[in-house]
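Each chain, letter by letter, is given below.
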Amino acid sequence: MLPTFRSTRAFLEFCREKGELAIVDREVHPYLEAGEIADRAMRSPGGGKALLFTNVRGSDFPLAVNILGSENRMAWAMGEKSLAAVESRIAALAELEPPRSLGEAWSAARTLAGLRHVPPRTVRTGACQELVEPSVDLSRLPVLTTWPQDAGPFITWPMVFSRSLSGKANCGMYRMQVFDKTSTGMHWQRQKDGRRHVDEAARKIPVAVALGGPPVLTWAATAPLPPDIFEMLLAGFLQRRRVPMVRCGVHDLLVPAEADFVLEGWVDPEDLRREGPFGDHTGYYSQAGDYPVFRVERITRRRDAIFPATVVGIPPKEDGFLGLATERLFLPLIRRVHGEIRDLHLDRKSVV
């Protein structure tokens, strides 16, 4: 078991101590250059090192890329030395049977004790609100334009929080094209939970975007959970600590208190704009389409905020290791339902 990381910076410092962080001090441009450097790193054996760009042209904030782009870093983010250890924790829960003896009851109680970390907890203040930006200006963030024909810079590592009509919270990851200083696209395809929330409401809904924080939260945003299971429940179990959540100032959505940045705003189902093209996993540009616009009304951040990003494109890429973690963690649950399945393997070079 490893220490619990309470920030992006703490995790990157741990990676530096383990020799898995490269710090780039020279100036890099967020248009194509930083993405090209990150792309080369991701194609290195084992996924390459995490990268911390400390001098990004046009921004005061450092930029972290390839944070979870190795099997080691993916396991460390989940508080273990290996993904096999994380899988064992999930399997212990999935395979629980009614105890037949005092010894089995004690063993089951110890396993179930891990569930005390599952529910998020609401706190009054959080590091993500240490500073409130005096004005909304997304151009100050080191948002990457990765490929020459991308329609613009895209936020690629967001945790997007929304809520259903019944009050169920959801966190997902959807790319966000930056249109101007105060608005982005929200790539909510029809089958996505966030799109379902805004379509069901048929009116403007509150949305918040958290960036950074403990990296296990970002992976949880990509986890294939049922619609009504909040992703922060899984994150709390994995990091053995209830995820602290703080209330936004523009609306009442809760966001991770330990995030680096929080963008607070609204999405209106009638407010659509052409988004894309975007260089995608397949090696082709995804087609442009009309998607809802995210109107940002407030930005809060940590004093020492680090902006997180990833590069999307032909594998191998960082998302291959997110897929590997999903494969290992959900295998025990799949086995529980389909006993004939022995194992799964998703080649990291073929992740799309």
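That block above? That's the structure.
Residues numbered from 1 in each chain as written. Predicted model: local features only at pLDDT ≥ 70, side-chain atom pairs only at ≥ 80, totals over all residues. Heavy atoms only, no water.

K.L.:
Just checking my understanding: could you explain the overall build of the chain for this structure?
P.N.:
Looking only at helices and strands, the chain features 9 helices and 18 strands. On C-alpha atoms alone, the chain measures out to a radius of gyration of 20 Å, which is about the 20 Å that the 2.2 N^0.38 rule sets for 352 residues. Along the first, second and third principal axes, the C-alpha set of the chain runs to 65 × 45 × 40 Å. When the accessible area of the chain is evaluated, it comes to approximately 15,600 Å², of which 52% is carbon and sulfur surface. In the chain, 46 side chains carry a positive charge and 43 a negative one; their mean positions are 4 Å apart. (Helix = DSSP H or I, 4+ residues; strand = E, 2+ residues; numbered from the N terminus. Rg over C-alpha atoms; globule rule 2.2 N^0.38 Å. Areas by Shrake-Rupley, 256 points an atom, 1.4 Å probe, with all protein chains shown as cover. Lys, Arg positive; Asp, Glu negative; His and termini not counted. Charge placed at Lys NZ, Arg CZ, Asp CG, Glu CD.)

K.L.:
What am I meant to see in the side chain of serine 70 here?
P.N.:
For serine 70, the location among the structural elements is in the loop between β3 (63–65) and α3 (71–77). Apart from the residues lying within four places of it in its own chain, the contact partners of serine 70 are Glu20, Gly46, Gly48 and Phe321. (Contact = heavy atoms within 4.5 Å.)

K.L.:
Looking at this model, I keep getting lost on the pattern of salt bridges. Mind explaining?
P.N.:
Summed over all chains, the structure comprises 26 salt bridges. Note that arginine 140 and aspartate 60 form a salt bridge whose closest N and O atoms lie 3.3 Å from each other. Within this pair, whereas arginine 140 is found in the loop between β5 (131–132) and β6 (154–155), its partner aspartate 60 is found in the loop between β2 (50–53) and β3, the two being separated by 80 residues in sequence. Given the relative accessible area of 27%, arginine 140 is considered partly exposed. On the basis of relative accessible area, aspartate 60 is assigned to the exposed category, the value being 64%. (Salt bridge = Lys/Arg side-chain N within 4 Å of Asp/Glu carboxyl O. Buried < 20%, exposed > 50% of the residue type's maximum accessible area, 1.4 Å probe, protein only.)

K.L.:
Help me understand the side chain of glutamate 80 in this model?
P.N.:
Mapping glutamate 80 onto the fold places it in the loop between α3 and α4 (83–94). Judged by its relative accessible area of 8%, glutamate 80 falls in the buried class. A distance of 2.5 Å separates a polar atom in the side chain of glutamate 80 from a polar atom in the side chain of arginine 240. Those residues in contact with glutamate 80 that lie beyond four places of it in its chain are Met1, Leu2, Ala75, Ala85, Val86, Arg89 and Arg240. (Polar contact = N/O pair within 3.5 Å; in protein donor to acceptor, adjacent residues only side chain to side chain.)

K.L.:
Can you walk me through the sheet that holds β3 in this structure?
P.N.:
Spatial strand order, β1-β2-β3-β18: 4 strands in an open sheet with mixed pairing. Each edge of the open sheet is held by one strand with a lone partner, namely β1 (21–24) and β18 (307–309). Averaged over all pairs of adjacent strands, the angle between strand axes in this sheet comes to 20°, irrespective of strand direction. With 3 bridges joining them, β2 and β3 adopt antiparallel strand pairing. The partner of phenylalanine 53 across the bridge, within β3, is leucine 63. Set on the sheet, helix α1 (residues 8–17) makes contact with β1, β2 and β3; between it and β1 the angle comes to about 110°. Of the strands in this sheet, β2 and β3 touch helix α2 (residues 33–42), which is tilted by about 160° from β2. (Pairing = 2+ DSSP bridges. Axes fitted to C-alpha atoms, helices over the stretch in contact; angles between N-to-C directions.)

K.L.:
Teacher, can you tell me more about the sheet that holds strand β13 (residues 254–256) here?
P.N.:
Working definition: the strands of a sheet are paired by backbone hydrogen bonds and lie parallel or antiparallel to each other. If you walk across this open sheet you meet the 3 strands as β4-β12-β13, and the pairing is mixed. In the strand order of this sheet, the two ends are held by β4 (121–123) and β13, each with one partner. The average angle at which neighbouring strand axes cross in this sheet is 45°, direction not considered. Where strand β12 (residues 244–247) lies against β13, 3 bridges are found, and the strand directions are antiparallel. Within the sheet, the bridge partner assigned to valine 246 lies in β13 and is valine 255.

K.L.:
Would you take a moment to explain the state of the cysteines for this structure?
P.N.:
Disulfides are covalent bonds that connect the sulfur atoms of two cysteines. Throughout the structure, instances matching the rule amount to 0 disulfides. For the unlinked cysteine cysteine 171, the closest cysteine sulfur is that of cysteine 248, found at 12 Å. (Disulfide = S-S within 2.5 Å.)

K.L.:
Sorry, what's going on with the packing of aromatic side chains here?
P.N.:
Where two aromatic rings form a pair, the distance of their centres and the angle of their planes describe that pair. Tallied over the entire structure, the rule returns 8 aromatic pairs. When the centroid spacing of 5.1 Å and the interplanar angle of 85° are considered together, the rings of phenylalanine 5 and phenylalanine 11 count as edge-to-face. Note on accessibility: phenylalanine 5 and phenylalanine 11 belong to one class, buried. A centroid spacing of 6.2 Å and a plane angle of 75° characterise the contact between phenylalanine 161 and phenylalanine 230, whose relative ring orientation is edge-to-face. In this pair, phenylalanine 161 sits in strand β7 (residues 159–163) while phenylalanine 230 sits in the loop between α7 (215–222) and α8 (231–239), placing the two residues 69 residues apart along the sequence. Across the pair, phenylalanine 230 and phenylalanine 161 agree in class, each one buried. An aromatic cluster is defined as three or more aromatic residues linked by ring pairs; in this entry it consists of Phe5, Phe11, Phe14 and Trp76. In this structure, lysine 204 is placed above the aromatic ring of tryptophan 266, and the distance from its NZ or CZ to the ring centre is 4.9 Å. Residue placement shows arginine 273 over the ring face of phenylalanine 179; its charged tip is 4.0 Å from the ring centre. (Phe/Tyr/Trp six-rings, centres within 6.5 Å; stacked < 30°, edge-to-face > 60°. Lys NZ or Arg CZ within 6 Å of the ring centre and 35° of its normal.)

K.L.:
Sorry, what's going on with α8 here?
P.N.:
Along an α-helix, residues three or four positions apart point the same way, because every turn accommodates 3.6 residues. Judged by how many residues are buried, α8 sits mostly within the fold: 8 of 9 residues are covered. Remark: arginine 240 follows α8 within two positions and exhibits a positive phi of approximately 60°.

K.L.:
Mind showing me how you'd approach the environment of threonine 282 here?
P.N.:
Within the fold, threonine 282 resides in the loop between β15 (278–279) and β16 (285–286). Measuring from C-alpha to C-alpha, the distance between threonine 282 and glycine 313 comes to 6.7 Å, with 31 residues separating the pair along the chain. Polar contacts involving the side chain of threonine 282 include one to the main-chain amide nitrogen of tyrosine 284, which spans 3.3 Å.

K.L.:
Explain the environment of leucine 165 to me, please; I cannot follow it from the model alone.
P.N.:
Structurally, leucine 165 is set in the loop between β7 and β8 (169–172). Judged by its relative accessible area of 55%, leucine 165 falls in the exposed class. In this structure the C-alpha to C-alpha distance between leucine 165 and glycine 236, which are 71 residues apart in sequence, comes to 24 Å. Beyond its immediate chain neighbours, meaning those up to four positions away, leucine 165 contacts Glu200, Ala201 and Arg203.

All we've got here are geometric facts, nothing functional implied.
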